[in-house]
Every structure is written in C-alpha cells, then in structure tokens.
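Here is what each chain is made of, one letter per residue.
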Amino acid sequence: QVQLVESGGGLVQAGGSLRLSCAASGRTFSSYAMGWFRQAPGKEREFVAAISWSGGSTYYADSVKGRFTISRDNAKNTVYLQMNSLKPEDTAVYYCAAGSTAGQLGYDYWGQGTQVTVSS
C-alpha cells in the first residue's frame, strides 16, 4: 500500500513556474514507477509525465515536453514536477500516481490532487 500526498500547487501568472511535490508513504516507494496526471474542469484526466523506479527513464505528454521536468528522490520518497513557462491551458488539478510501469496507464495508487491555476 502506498499513500500519496501532493503539494506545491497555487496561482501563478502565465510564463511563471511552479514545482509540485508528491510525498509517498511506505518503504517500497523506490520500486514504483511514478506519474503525474491532470484534470481540467469539464475535461478528462490526462497524462502529463512519468518516471521509472530508478529515475533513468522519463516520459512526457507532447503538450508539456520541454517545459515540464519530472524527477524523483528515492531517499526522500518524493517525486517532483517542475513546471516552467506555464500557460493558462495548464490550469488543472494535478495528481500523482504510483504503479508498476512508467507510462500512461496501469497506476494503482493516486493522491488527492493539488490545484494549479495559471492566469493570463
């Protein structure tokens, strides 16, 4: 069992930056691939980024590639999402998730989400 708690969301102007954190409980964090997803009002949840258990492989949605960076610190049981050059269309609730394989599907555990609002 893994419990995930996101933090770092907030209100930022377009062009600004935020760093989201996701703290995981449990001693098996390092064995999980981690992902970030987001859901805007009236839209389906969508994949944002993922990272393998070792941190050696990362994956991004085309919409965030070059602007967002996912990373993890297994010693701190934490995964991060550095978001730069934010756009109003990045406004959403951001969720982290843990699963067996880095990618867009197959996540078993989810956090409660953190709101990111980008003003124009």
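Residues numbered from 1 in each chain as written. Predicted model: local features only at pLDDT ≥ 70, side-chain atom pairs only at ≥ 80, totals over all residues. Heavy atoms only, no water.

## Details of the side chain of Arg-72
Tracing the chain through its elements places Arg-72 in strand E7 (residues 68–73). The side chain of Arg-72 sits in the buried core without any salt bridge; Asp-73 is the nearest counter-charge, 8.2 Å away. Of the polar contacts made by the side chain of Arg-72, one reaches the backbone oxygen of Tyr-32; its length is 2.7 Å. From its side chain, Arg-72 meets the backbone oxygen of Ser-52 in a polar contact 2.9 Å long. Residues contacting Arg-72, with those up to four places away along its chain left out, are Phe-29, Ser-30, Tyr-32, Ala-33, Met-34, Ile-51, Ser-52, Trp-53, Gly-55, Thr-78 and Val-79. (Helix = DSSP H or I, 4+ residues; strand = E, 2+ residues; numbered from the N terminus. Buried < 20%, exposed > 50% of the residue type's maximum accessible area, 1.4 Å probe, protein only. Lys, Arg positive; Asp, Glu negative; His and termini not counted. Salt bridge = Lys/Arg side-chain N within 4 Å of Asp/Glu carboxyl O. Polar contact = N/O pair within 3.5 Å; in protein donor to acceptor, adjacent residues only side chain to side chain. Contact = heavy atoms within 4.5 Å.)

## Observations concerning the state of the cysteines
Following the criterion strictly, the structure yields one disulfide and no others. The disulfide that involves Cys-22 links it to Cys-96, with 1.9 Å between the sulfurs. Between Cys-22 and Cys-96 the disulfide shows an S-S torsion of about 50°. By sign, it is right-handed. Taken together, the positions of Cys-22 in strand E3 (residues 18–24) and Cys-96 in strand E9 (residues 92–99) put the pair 74 residues apart, joining distant regions of the chain. An identical accessibility class is assigned to Cys-22 and Cys-96; each is buried. (Disulfide = S-S within 2.5 Å.)

## Focus on the environment of Val-116
Residue placement: Val-116 occurs in strand E11 (residues 114–119). Overall, Val-116 belongs to the buried group, its relative accessible area being 0%. Taking the C-alpha atoms as reference points, Val-116 and Asp-73, separated by 43 residues in sequence, lie 22 Å from one another. Those residues in contact with Val-116, other than ones at most four positions away along the chain, are Gly-9, Gly-10, Leu-18, Leu-20, Met-83, Asp-90, Thr-91, Ala-92 and Tyr-94.

## Thoughts on the sheet that holds E7
The strands making up a sheet associate through backbone hydrogen bonding, with each pair oriented either parallel or antiparallel. With antiparallel pairing, the four strands of this open sheet are ordered in space as E1-E3-E8-E7. Each edge of the open sheet carries a strand with a single partner, namely strand E1 (4–7) and E7. If you compare each strand with its neighbour and ignore which way they point, the axes differ by 15° on average. Pairing of E1 with E3 involves four bridges; the strand directions are antiparallel. Looking across to E3, one finds that Val-5 is bridged to Ala-23. (Pairing = 2+ DSSP bridges. Axes fitted to C-alpha atoms, helices over the stretch in contact; angles between N-to-C directions.)

Note that all results are geometric; they support no functional claim without further evidence.
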